[in-house]
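Understanding the architecture of this molecule
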Amino acid sequence: MTAPVLELRNLSKTFQLPRKGGWFAGYIDHHAVRDVSLTLPRNTILGLVGESGSGKSTTGLMTMRLMEPTSGRILIDGADISALTPAALKPYRRQMQIVFQDSYSALDPMMTLARIVAEPLHIHGIGTPDDQTEQALAMLDRVGLHRSYGQRYPHELSGGQRQRVAIARALILRPKVLVADEPTSALDVSVKAQIINLLLDLQQEMGLSILFISHDLSVVRSLTDRVAVMFNGRIVETAATETIFSDARHPYTQGLLSAIPVLNPRDRRPRRFLTAEEIERGIPRLPGAGTSPALVQVAPDHLVEAVAG
Ligand SMILES: Nc1ncnc2c1ncn2[C@@H]1O[C@H](COP(=O)(O)OP(=O)(O)OP(=O)(O)O)[C@@H](O)[C@H]1O
Ligand SMILES: [Mg+2]
């Protein structure tokens, strides 16, 4: 069996936050990500969902080694990249790219779009300058921006067009893994759908694997193959996307799903968020689980955080 393209093993991140109360008060540990293990099989899209502050972006940044984990491992194609020096990491950087919600700040305002998209080729010394430009124009065309956009600048673009440029730049090196952190959450509904379709086309065409971080459960439902649910820095449930939407077992997942905005007003269900205490109290009790909450297999490929019952 070949290794998954991306594997996170027991990844944790603790931030030291200054304690209130002045100079001598010291620091408290904030456990933003706790013991997260995830597998991204080749050629699939894994959704990472959970409310604001649950640790999704921190997980995405650590995956890319843009933030150092406090502990745990990151494996790309079975190779442990968690302790590599920047120089040793460079070949792996080609294989993993990230797209953010706010791509505008990542696009150099002084550079033409052709240069912005070509820059990763330049950094990695791939091809002649002419080849690089040609590849960038072809990639712009592929993401739906005519080659003539190569001469334009970021400020001339709409939000959706900027996101297309960010995607073109991320994919020009043909990475194996793309981390997409809320890539559509700043966009209007119709533009959002276009960008989602583009990502899906590119994923299939390039055999890409995507870690798709999102609040937007309707997008997650239509785009992803599998879903991992994060609560309070932990993964509390993971399963195939249909299973999550039809057979969620963890109270936190159930709460998230019941908060999906309903389009038809006559269909409106009561919306309420669970409190953290209610979630902790509602953790499933299963035979075979331990005394402290841990992921337990409830069906093939369906893991739920549970305690002994
Ligand atoms: N650099 C940092 N220093 C201190 N605390 C941080 C830092 N980055 C994130 N945090 C904290 O870690 C927790 C997780 O943050 P994170 O950004 O990963 O959440 P998120 O799930 O991406 O939320 P959102 O949906 O709002 O983007 C939060 O409590 C946040 O305040
Ligand atoms: Mg985030």
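Residues numbered from 1 in each chain as written. Chains lettered and ligands numbered in written order. Predicted model: local features only at pLDDT ≥ 70, side-chain atom pairs only at ≥ 80, totals over all residues. Heavy atoms only, no water.

**Topic: the pattern of salt bridges**
Side-chain pairing between opposite charges can occur once the charged atoms of the two side chains come close. The final tally for this structure, using the stated rule, is twelve salt bridges. Of the charged contacts in the structure, one is a salt bridge between Arg-9 and Glu-7, with a shortest N-O distance of 3.0 Å. A relative accessible area of 37% means that Arg-9 is categorised as partly exposed. The residue Asp-301 makes a salt bridge to Arg-226 at a minimum N-O spacing of 2.7 Å. Placement of the pair is Asp-301 in the loop between strand 12 (294–299) and strand 13 (302–308) and Arg-226 in strand 9 (residues 226–231), with a sequence separation of 75 residues. (Salt bridge = Lys/Arg side-chain N within 4 Å of Asp/Glu carboxyl O. Buried < 20%, exposed > 50% of the residue type's maximum accessible area, 1.4 Å probe, protein only. Helix = DSSP H or I, 4+ residues; strand = E, 2+ residues; numbered from the N terminus.)

**Comments concerning the pairing of strand 8 (residues 209–213)**
In terms of residue burial, strand 8 counts as a mostly covered element, since five of its five residues are buried. Neither face of strand 8 is open: one carries Ser-209, Leu-211 and Ile-213, the other Ile-210 and Phe-212, and all of them are buried. Here strand 3 (residues 45–49) runs beside strand 8; their pairing, made up of four bridges, is parallel. Opposite Leu-48, over in strand 8, you have Ile-213 as the bridge partner. Of the pairings in the sheet, the one linking strand 7 (residues 177–181) to strand 8 comprises five bridges and is parallel in character. For Val-179, the partnering residue across the bridge sits in strand 8 and is Leu-211. Traced from strand 7 through helix 6 (residues 189–206) to strand 8, the parallel crossover comes out right-handed. (Pairing = 2+ DSSP bridges. Right-handed = clockwise from strand over helix to strand, strands pointing away.)

**Some thoughts on the site of ligand 1**
Every one of the 14 residues lining ligand 1 counts as a neighbour, but Ser-52, Gly-53, Lys-56, Ser-57 and Thr-58 are closest to it. Residue Ser-54 places a main-chain N or O atom 3.3 Å away from an oxygen atom belonging to ligand 1. Considered on its own, ligand 1 offers 640 Å² of accessible surface; in the complex 63% of this is hidden by protein. If one sorts the elements of the shell around ligand 1 by residue count, helix 1 (residues 56–63) sits on top with three residues. Considered class by class, the residues forming the shell around ligand 1 number three nonpolar, eight polar and three charged. (Near = heavy atom within 4 Å. Polar contact = N/O pair within 3.5 Å; in protein donor to acceptor, adjacent residues only side chain to side chain. Areas by Shrake-Rupley, 256 points an atom, 1.4 Å probe, with all protein chains shown as cover. Nonpolar A, V, L, I, M, F, W, Y, C, P; charged D, E, K, R; others polar.)

That's the geometry; what it means functionally is another story.
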